[in-house]
Number of protein chains: 2
Amino acid sequence: MQGERRMATITPSRRVRRTPFSDGVEAAGVKAYTVYNHMLLPTMFESLEADAAHLKQNVQVWDVSCERQVSVRGPDALRLMRMVSPRDMGRMADDQCYYVPITDHRGGMLNDPVAIKLAQDHYWLSLADGDLLQFLLGIAVALGLEVEIEEPDVSPLAIQGPKADELMARVFGDVVRGIRFFRYKRVRFEDREFVVARSGWSKQGGFEIYVEGAEYGMPLWNRLMAAGEDLNVRAGCPNNIERIESGLLGYGSDMTRENTPYEAGLGRFCNSPDDFIGKTALAEQARNGPPRQIRPMVIDGEIGPCTRAWPLLAGGRRVGQIASAVFSPEFGVNVAIGMVDRSHWDPGTVIEVETEHGMRRATVQERFWR
Amino acid sequence: MQGERRMATITPSRRVRRTPFSDGVEAAGVKAYTVYNHMLLPTMFESLEADAAHLKQNVQVWDVSCERQVSVRGPDALRLMRMVSPRDMGRMADDQCYYVPITDHRGGMLNDPVAIKLAQDHYWLSLADGDLLQFLLGIAVALGLEVEIEEPDVSPLAIQGPKADELMARVFGDVVRGIRFFRYKRVRFEDREFVVARSGWSKQGGFEIYVEGAEYGMPLWNRLMAAGEDLNVRAGCPNNIERIESGLLGYGSDMTRENTPYEAGLGRFCNSPDDFIGKTALAEQARNGPPRQIRPMVIDGEIGPCTRAWPLLAGGRRVGQIASAVFSPEFGVNVAIGMVDRSHWDPGTVIEVETEHGMRRATVQERFWR
């Protein structure tokens, strides 16, 4: 049945939105998609294994338009950001990007966007999968805040891989080489300026270009492909092997509203002196740590695709779950991301995991693979 | 390229959630899906045409688990509902379902759920595609309302088609025959009671069963399939041909946050005496009507799948768009749903439409086909 579902195709519609780069993605022979923020997100071109191997040695252009932006702009923009951000917005530099796990009043995670400070009164939140715009809008409407909350025509394009700097420099000039991690610069493309940040959902290095104006999508795509021919540039996408090896969490898979930032291992991002939403609820975990937490895991034996949370069992008792798992050709094991109870989260602990294809042995690791 | 994308498969993950009925849907040979509220929604089994023809003569069981519920419960539940609902909640009967186009402060639509009154202090909102939960949560958190806002373990299963009453009566008893349109009764299944409403996203008649408890999913699915064998029951899904013929709008396709309820032709649902969010912004359209509105359209010639908004052009000027279009074997024309400017919305008006496959002739119709 697994197979049958994986053979099922996506029905095109306006609601499941195409992106400014979809024509390029299709021409490059995309083989699989997911849907993310009501938009198409490529998941595979050649194969997960071949895509990962290529990413680690070359440079790829990723259509991550589905990282939709929420624009928060107006006199009350900072006030609203202080309400929803567990990080100290006061410390944010003018050219900085902040990874901010947004929580509800109980400390449950609603999203984990990257916030970009465009001006004192203007921020973008680059979203994980979920309509966080509606949470911000609800707060702003209820309090009558002087702030515009919109989804602008901005589609991120990620340039990832060890040759990313070289490719970017050829298109935008050497200025991009000077962009620091999670900082941005505004660089020229044709008659526009784009925000370019050193960031991206891999640990192979690279950039995210916040392409403002759908009409610039394919011209930029084509320019990058032409400029990178001798760098063996290819269309790529976030790779499920590389991101699990790297310990990059997927909101909705590895953590949900059921989890706090501390459970997701993101406690270091909760340092705001302001009374952000959820602060009181999180105080106890801030002091004593969470009852469960994200852990790197290795699963023995053959496993199929992880399409639901796999229970972790110790003596028949549920002690957590695994929601991301895949075989890593580089490390020769099934790499996985688990949410494990304190009683079983120490490195070396062996736990039973109930996969869709039978019981397997899972072992808590000391660290992720990079 | 169109074709290439339609051949691309969906990558399974926990984030794109399976449903309590997914095993049954896969066993029935689902051929295509969409993703709706972070969940799999089947879109085709045999073919769009064959599925539509079968629906119109028999009875189908639809996995519409993706109509996720937002549970609004607590002393302030009605207060919050009055804030967000353009319909007069005071008039809502205890067993009633209300179609409510929810708007932001500018009158832009955020969702168009069906609200179900479970108790004076407990409502479910059965969502179209979008995390309206976050809007309600934002309001509740900002105002400190005494209300719990959760997504319960409730997965709607729709029974649609002319033989729906007979099939439902066989499984739940004749009590279901007495359920009026957009009213509900609580009916027994095994050791549970489910809310069963006469509703559903077709005009072939039928019910929606709000299955509370994922573990009851496949037992109910199997019971219905067994009970309906001689009724020629089949696994089905919302059908894009039947729903366009019927003028059933898809939020995210036919209307978005850019549109008001009046533009969507839903003005009759905006009758609340309360100061609901957006009421002031909508006052002018309430008086004078909207500048554009949903219209049934017929498009001449061959058309491919409608995967983006097709501009409507009159003398080179944009006068609207079409976001849903498909060939109807029953009516022998391409049926479509347009959003058309006042200047061109009169029945019989002929407009040019720019499809992905060339310019076509579109004609505004008097009414939808049923």
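Here the structure is a predicted model, which means the values were calculated and not measured. (Residues numbered from 1 in each chain as written. Chains lettered and ligands numbered in written order. Predicted model: local features only at pLDDT ≥ 70, side-chain atom pairs only at ≥ 80, totals over all residues. Heavy atoms only, no water.)

## Observations concerning the overall build of chain A
And step 1. Counting its secondary structure elements, chain A contains nine helices and 22 strands.
And step 2. Relative to the globule expectation of 21 Å for 370 residues, the C-alpha radius of gyration of chain A, 21 Å, shows essentially globular dimensions.
And step 3. The 370 residues of chain A split such that 63% are buried.
And step 4. Within chain A, contacts between residues separated by at least 24 positions form 66% of all contacts whose residues are at least 6 apart in sequence.
And step 5. Accessible surface, chain A: about 13,500 Å² in total, of which carbon and sulfur atoms supply 48%.
And step 6. Charged side chains of chain A number 44 positive and 50 negative; the gap between the two group centres comes to 3 Å. (Helix = DSSP H or I, 4+ residues; strand = E, 2+ residues; numbered from the N terminus. Rg over C-alpha atoms; globule rule 2.2 N^0.38 Å. Buried < 20%, exposed > 50% of the residue type's maximum accessible area, 1.4 Å probe, protein only. Contact = heavy atoms within 4.5 Å. Areas by Shrake-Rupley, 256 points an atom, 1.4 Å probe, with all protein chains shown as cover. Lys, Arg positive; Asp, Glu negative; His and termini not counted. Charge placed at Lys NZ, Arg CZ, Asp CG, Glu CD.)

## With respect to the sheet that holds strand 14 (residues 192-197) of chain B
All names here are of chain B.
And step 1. Reading across from one edge, 13-14-15-12-4-16 is the order of the six strands in this open sheet, with mixed pairing throughout. Of all strands in the sheet, those bounded by a partner on one side alone are strand 13 (184-189) and strand 16 (234-236). Strand-to-strand, the axes of this sheet are offset by a mean angle of 30°, without reference to chain direction.
And step 2. Sheet topology places strand 4 (residues 60-63) next to strand 16; three bridges connect them, and they run parallel. Within strand 16, the position partnered with Gln60 by the bridge is Arg234.
And step 3. Running at roughly 35° to strand 15 (residues 206-212), helix 6 (residues 164-172) makes contact with strand 4, strand 12 (154-160), strand 13, strand 14 and strand 15 of the sheet. (Pairing = 2+ DSSP bridges. Axes fitted to C-alpha atoms, helices over the stretch in contact; angles between N-to-C directions.)

## Considerations on the relation of the copies chain B and chain A
And step 1. Once turned by 180° and shifted 0.0 Å along the axis, chain B lies on chain A with an RMSD of 0.0 Å. This pairing of chains is accounted for by a two-fold axis. (Least-squares fit on C-alpha atoms with pLDDT ≥ 70 in both.)

## With respect to the interface of chain B and chain A
And step 1. Contacts between the two partners involve 63 residues from chain B and, on the opposite side, 63 residues from chain A.
And step 2. Taken over both partners, the interface formed by chain B and chain A buries close to 5,600 Å², and the fraction arising from carbon and sulfur atoms is 52%.
And step 3. Where chain B meets chain A, there are eight salt bridges.
And step 4. Scanning the region where chain B abuts chain A turns up 29 residue pairs in polar contact (both at pLDDT 80 or more).
And step 5. Looking at the side of chain B that touches chain A, the elements that each hand over two or more residues are helix 1 (2-7), strand 1 (9-10), helix 2 (22-27), strand 2 (32-36), strand 3 (39-44), helix 5 (132-143), strand 11 (148-150) and strand 19 (317-328) of chain B.
And step 6. The dominant element in the side of chain B that touches chain A, judged by the number of residues it contributes, is helix 5 of chain B, at 10 residues.
And step 7. Residue classes in the side of chain B that touches chain A are distributed as 29 nonpolar, 17 polar and 17 charged.
And step 8. Strand direction decides the pairing type here: strand 2 (residues 32-36) of chain A and strand 1 of chain B, joined by two bridges, are parallel. Its bridge partner being in strand 1 of chain B, Ala32 of chain A is matched across the sheet by Thr9 of chain B. (Buried area = accessible area lost by both parts, 1.4 Å probe. Salt bridge = Lys/Arg side-chain N within 4 Å of Asp/Glu carboxyl O. Polar contact = N/O pair within 3.5 Å; in protein donor to acceptor, adjacent residues only side chain to side chain. Nonpolar A, V, L, I, M, F, W, Y, C, P; charged D, E, K, R; others polar.)

## Considering the packing of aromatic side chains
All names here are of chain B.
And step 1. Counted according to the given criterion, the structure contains 17 aromatic pairs over all chains.
And step 2. Arranged with centres 5.9 Å apart and planes meeting at 85°, the rings of Phe194 and Tyr216 form a pair that is edge-to-face. Of this pair, Phe194 sits in strand 14 while Tyr216 sits in the loop between strand 15 and helix 7 (217-227), placing them 22 residues apart in sequence. Comparing Phe194 with Tyr216 shows no difference in burial state: the two are buried. (Phe/Tyr/Trp six-rings, centres within 6.5 Å; stacked < 30°, edge-to-face > 60°.)

## Details of the pattern of salt bridges
A pair can form between side chains of opposite charge whenever their charged atoms are brought close.
And step 1. Going through the model one piece at a time under the given rule, you end up with 60 salt bridges over all chains.
And step 2. Note that Glu245 of chain B and Lys56 of chain B form a salt bridge whose closest N and O atoms lie 2.8 Å from each other. Of this pair, Glu245 of chain B sits in helix 8 (residues 240-245) while Lys56 of chain B sits in helix 3 (residues 48-57), placing them 189 residues apart in sequence.
And step 3. Linked through salt bridges whose partners overlap, the residues forming this network are Lys56, Glu242, Glu245, Glu330 and Arg370 of chain A.

## Quick word on the nonpolar core
And step 1. Judged by nonpolar contacts, the single largest core of 78 residues is most densely connected at Ile159, Ile209 and Leu220 of chain A together with Ile159, Ile209 and Leu220 of chain B.
And step 2. By size, the runner-up hydrophobic cluster in this structure holds 58 residues, among which are Leu80, Tyr123, Ile149 and Ile277 of chain B. (Core = buried A, V, L, I, M, F, W, Y, C linked by side-chain atoms within 4.5 Å.)

## Brief notes about the side chain of Ser71 of chain A
All names here are of chain A.
And step 1. Note on placement: Ser71 falls in strand 5 (residues 69-73).
And step 2. Given a relative accessible area of 9%, Ser71 falls into the buried group.
And step 3. Within the local environment of Ser71, its side chain forms a polar contact with the side chain of His122, the two groups lying 2.9 Å apart.

## A few points about the domain arrangement of chain A
All names here are of chain A.
And step 1. On domain assignment, one finds that chain A holds domain 1 (22-67 + 153-244), domain 2 (69-150) and domain 3 (292-370).
And step 2. Computed from C-alpha coordinates alone, the two centres of domain 1 and domain 2 are separated by 25 Å.
And step 3. Listed per partner, the contact involves 15 residues of domain 1 and 18 residues of domain 2.
And step 4. Where domain 1 abuts domain 2, roughly 1,500 Å² becomes buried across the two surfaces, and 51% of that area is made up of carbon and sulfur atoms. (Domains from an automatic or database assignment.)

## Some thoughts on the packing of helix 6 of chain B against helix 7 of chain B
Helix-helix packing is characterised by the crossing angle of the two axes and by the distance between the axes.
Residue and element names in this part refer to chain B.
And step 1. Interaxial distance between helix 6 and helix 7 falls to 9 Å at its minimum, and their mutual angle equals 120°. One element, helix 6, and the other, helix 7, form an angle in the oblique class. Here helix 6 and helix 7 pass one another in a crossing that is right-handed. Within the contact between the two elements, helix 6 uses Leu167, Arg170, Val171 and Phe172 and helix 7 uses Leu220, Arg223, Leu224 and Ala227.
And step 2. Grouping the amino acids of the contact of helix 6 with helix 7 by side-chain chemistry returns six nonpolar, no polar and two charged. (Parallel < 35°, antiparallel > 145°, perpendicular 65-115°, else oblique. Left-handed = near helix turned anticlockwise from the far one by under 90°.)

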